[in-house]
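# Structural characterization, general
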Amino acid sequence: MTEVLKFLTENPTFYLATVDGDIPKVRPFGFVMNYQDKLYFCTSNQKNVFKQLKANPHFEVSTTSKAGEWLRLKGKAVFNTNKGTRQAALDAAPFLSRMYSIDDSIFELFYIESAEAVFYNMKGEAKTIKF
């Protein structure tokens with residue numbers, strides 16, 4: 001998980017894909033953290049991504065580095081929103097406080113379960129990590 005977190009934080013705009021019915025939906029994300037040895041993401045429960053993950057928790061993340069390497073991370077979203085996870089997120093990314101607060105009813109956090117990360121390079125080589 002450490003290698004995945006490092007890659008995502010070094011390449012801070014990554015794309016999270018869900019499905020809406022049978023239509024794929026992709027959007028940029030920019031927050032990820034390690035909390036209690038789990039890889040967490042956040043969103044608002046007012047957004048379609050929240051509704052899509054509640055309906056079908058399987059998602060995929062992808063991003064690329066300036067060196068041309070890329071990551072595909074797939075797994076299942078498990079929502080775990082409480083004051084502890086909210087505070088950890090606000091501490092990890094102070095910019096979130098412009099949108100959310102610890103007592104905010106729309107601020108949601110989820111971690112990835114049954115994760116599989118595949119790192120690729122321009123030579124076509126791949127390295128898989130499961131956590």
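Coordinates for the structure precede this section.
Residues numbered from 1 in each chain as written. Predicted model: local features only at pLDDT ≥ 70, side-chain atom pairs only at ≥ 80, totals over all residues. Heavy atoms only, no water.

## Topic: the pattern of salt bridges
- This structure, assessed with the given rule, holds 6 salt bridges.
- Between K127 and E3 there is a salt bridge; the shortest N-O distance is 2.9 Å. On the criterion of sequence distance, the pair formed by K127 in strand β8 (residues 126–130) and E3 in helix α1 (residues 2–10) is long-range, its members being 124 residues apart.
- We classify E3 as partly exposed; its relative accessible area is 35%.
- Measuring nitrogen to oxygen at the nearest pair gives 3.1 Å for the salt bridge that ties K83 to D103. A residue pair is termed long-range when its members are at least 10 positions apart, and K83 in helix α3 (residues 83–92) and D103 in the loop between α3 and β7 (107–120) qualify at 20 residues. The pair K83 / D103 is uniform in exposure class, with both members exposed.
- Put simply, K74, E116 and K130 are held in one network by salt bridges that share partners. (Salt bridge = Lys/Arg side-chain N within 4 Å of Asp/Glu carboxyl O. Helix = DSSP H or I, 4+ residues; strand = E, 2+ residues; numbered from the N terminus. Buried < 20%, exposed > 50% of the residue type's maximum accessible area, 1.4 Å probe, protein only.)

## Observations regarding helix α2 (residues 48–55)
- All of the buried residues along α2 are V49, F50, Q52 and L53. All buried residues of α2 fall inside an arc of 165° around its axis, so they share one side. In α2, the exposed residues that point more than 90 degrees away from the buried face are N48, K54 and A55.
- Those residues of α2 that are buried lie in contact with β1 (14–20), β2 (23–29), β4 (38–44), β5 (58–64), β6 (70–79) and β7. (Arc of directions from axis to C-beta. Contact = heavy atoms within 4.5 Å.)

## Quick notes on the pairing of β4
- Most of β4 is tucked away: 6 of the 7 residues are buried.
- Pairing of strand β3 (residues 33–35) with β4 involves 3 bridges; the strand directions are antiparallel. Of the residues in β4, the one forming a bridge with Y35 is K38.
- Both β4 and β7 contribute to a ladder of 5 bridges, which runs antiparallel. Paired with C42 across the two strands is L109, which belongs to β7. (Pairing = 2+ DSSP bridges.)

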